[in-house]
Amino acid sequence: MTGSRQPLQVLLVDDHRLFRESLGALLGVHEGIEVVAEASNGEEAVRLARQHRPDVVLLDVEMPGQSVLTSLVEIRSASPTTRIVVLTMHENTTLARQLLLRGASAYLIKTIGHHELVAAIRATAERGTDMVTLSVSRGGLAGLAASGAPVLSDRELEVLALVSRAHSNASIAQELRISEGTVKRHLSNINTKLGATSRLDAVRRATRARLLTPGLLED
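Bear in mind that the values here come from a model prediction, so they are computed numbers and not experimental data. (Residues numbered from 1 in each chain as written. Predicted model: local features only at pLDDT ≥ 70, side-chain atom pairs only at ≥ 80, totals over all residues. Heavy atoms only, no water.)

Caption draft 1: Looking closely at the overall build of the chain. When helices and strands are tallied, the chain shows 9 helices and 7 strands. The buried share of the chain, taken over its 219 residues, is 43%. Residue pairs in contact within the chain that sit at least 24 positions apart in sequence constitute 62% of those at least 6 positions apart. If you sum the accessible surface of the chain, you get close to 11,300 Å²; carbon and sulfur atoms cover 49% of it. (Helix = DSSP H or I, 4+ residues; strand = E, 2+ residues; numbered from the N terminus. Buried < 20%, exposed > 50% of the residue type's maximum accessible area, 1.4 Å probe, protein only. Contact = heavy atoms within 4.5 Å. Areas by Shrake-Rupley, 256 points an atom, 1.4 Å probe, with all protein chains shown as cover.)

Caption draft 2: Local environment of the packing of aromatic side chains. A full pass over the atoms with the stated rule returns 0 aromatic pairs. Sitting over the ring of Phe-19, Lys-110 keeps its end group 4.4 Å from the ring centre. (Phe/Tyr/Trp six-rings, centres within 6.5 Å; stacked < 30°, edge-to-face > 60°. Lys NZ or Arg CZ within 6 Å of the ring centre and 35° of its normal.)

Caption draft 3: Structural detail: the nonpolar core. Ranked by size, the top nonpolar core spans 25 residues in total, and within it Val-13, Leu-59, Ile-75, Val-86 and Leu-99 carry the most contacts. Of all the secondary structure elements, the ones that give two or more residues to this core are β1 (8-13), β2 (33-39), α2 (42-52), β3 (56-60), α3 (68-78), β4 (83-88), α4 (93-101) and β5 (106-109). If you look at the next biggest cluster of nonpolar residues, it comprises 21 residues, including Ile-172, Leu-176, Ala-206 and Leu-212. (Core = buried A, V, L, I, M, F, W, Y, C linked by side-chain atoms within 4.5 Å.)

Caption draft 4: Highlighting the pattern of salt bridges. Scanning the entire structure with this criterion turns up 7 salt bridges. In this structure, Lys-110 engages Asp-14 in a salt bridge whose closest nitrogen and oxygen atoms are separated by 2.8 Å. One end of the pair, Lys-110, is in the loop between β5 and α5 (114-126); the other, Asp-14, is in the loop between β1 and α1 (17-28), with 96 residues separating them in the sequence. Among the salt bridges present, the one from Glu-44 reaches Arg-47, with a minimum N-O distance of 3.9 Å. With a gap of 3 residues between them, Glu-44 and Arg-47 both fall in helix α2, about one helical turn apart. On the accessibility criterion, Glu-44 (23% relative accessible area) is partly exposed. (Salt bridge = Lys/Arg side-chain N within 4 Å of Asp/Glu carboxyl O.)

Caption draft 5: Examining unusual backbone geometry more closely. One non-glycine residue, Ala-166, adopts positive backbone phi at about 70 degrees. Residue classification places Ala-166 among the exposed residues on the basis of a relative accessible area of 62%. One non-glycine residue, Arg-177, lies in positive phi territory at about 60 degrees. Tracing the backbone shows Arg-177 in the loop between α7 (169-176) and α8 (180-194). Overall, Arg-177 belongs to the exposed group, its relative accessible area being 80%.

What follows is the structure, encoded as structure tokens:
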């Protein structure tokens with residue numbers, strides 16, 4: 001490796017040993033990437049993340065033991081600066097959104113090539129503490145937010161979904177059993193995060209960012 005830059009440290013988490021070893025061997029041929037540890041389940045991943053504080057964790061979705069959502073949250077708690085790239089055999093938009101909202105930096109399908117995977121690892125690490133939202137489908141790279149994708153909370157997404165269906169603040173408050181003041185505060189936070197200037201603009205921006213289903217609110 002040229003220069004004094006330290007290699008990116010990666011923790012592999014998958015319950016299939018052959019897959020882990022094969023992936024580790026593939027990553028090993030790329031300059032500037034070092035696999036520092038391997039785990040076969042979420043609990044072990046949390047312990048190793050706390051021990052090694054890797055730059056990136058490659059986290060499988062389907063493993064024995066605790067759920068991937070629990071593993072993700074606990075890994076981020078154990079090593080807050082670690083970026084998490086989720087690997088799976090299945091395209092699942094709902095799960096991908098949940099994982100990205102809870103702090104995953106990428107959601108990748110295992111059928112991608114290792115060069116795409118390496119690109120994702122480097123992208124998530126180089127973004128530092130900024131949020132990176134990257135998804136890869138069977139057709140290849142689907143999109144990478146150049147300046148960091150906006151992250152809305154579950155409640156903010158609920159509010160915005162109702163806005164997209166032309167609900168008033170009063171109607172949203174009744175539907176979610178919260179006060180109108182709380183609705184206004186959520187809308188203010190949504191506009192700030194999305195850089196929106198109005199309710200309609202927020203819906204449009206969220207739709208472009210794939211946080212909402214297109215076409216819910218017409219012009």
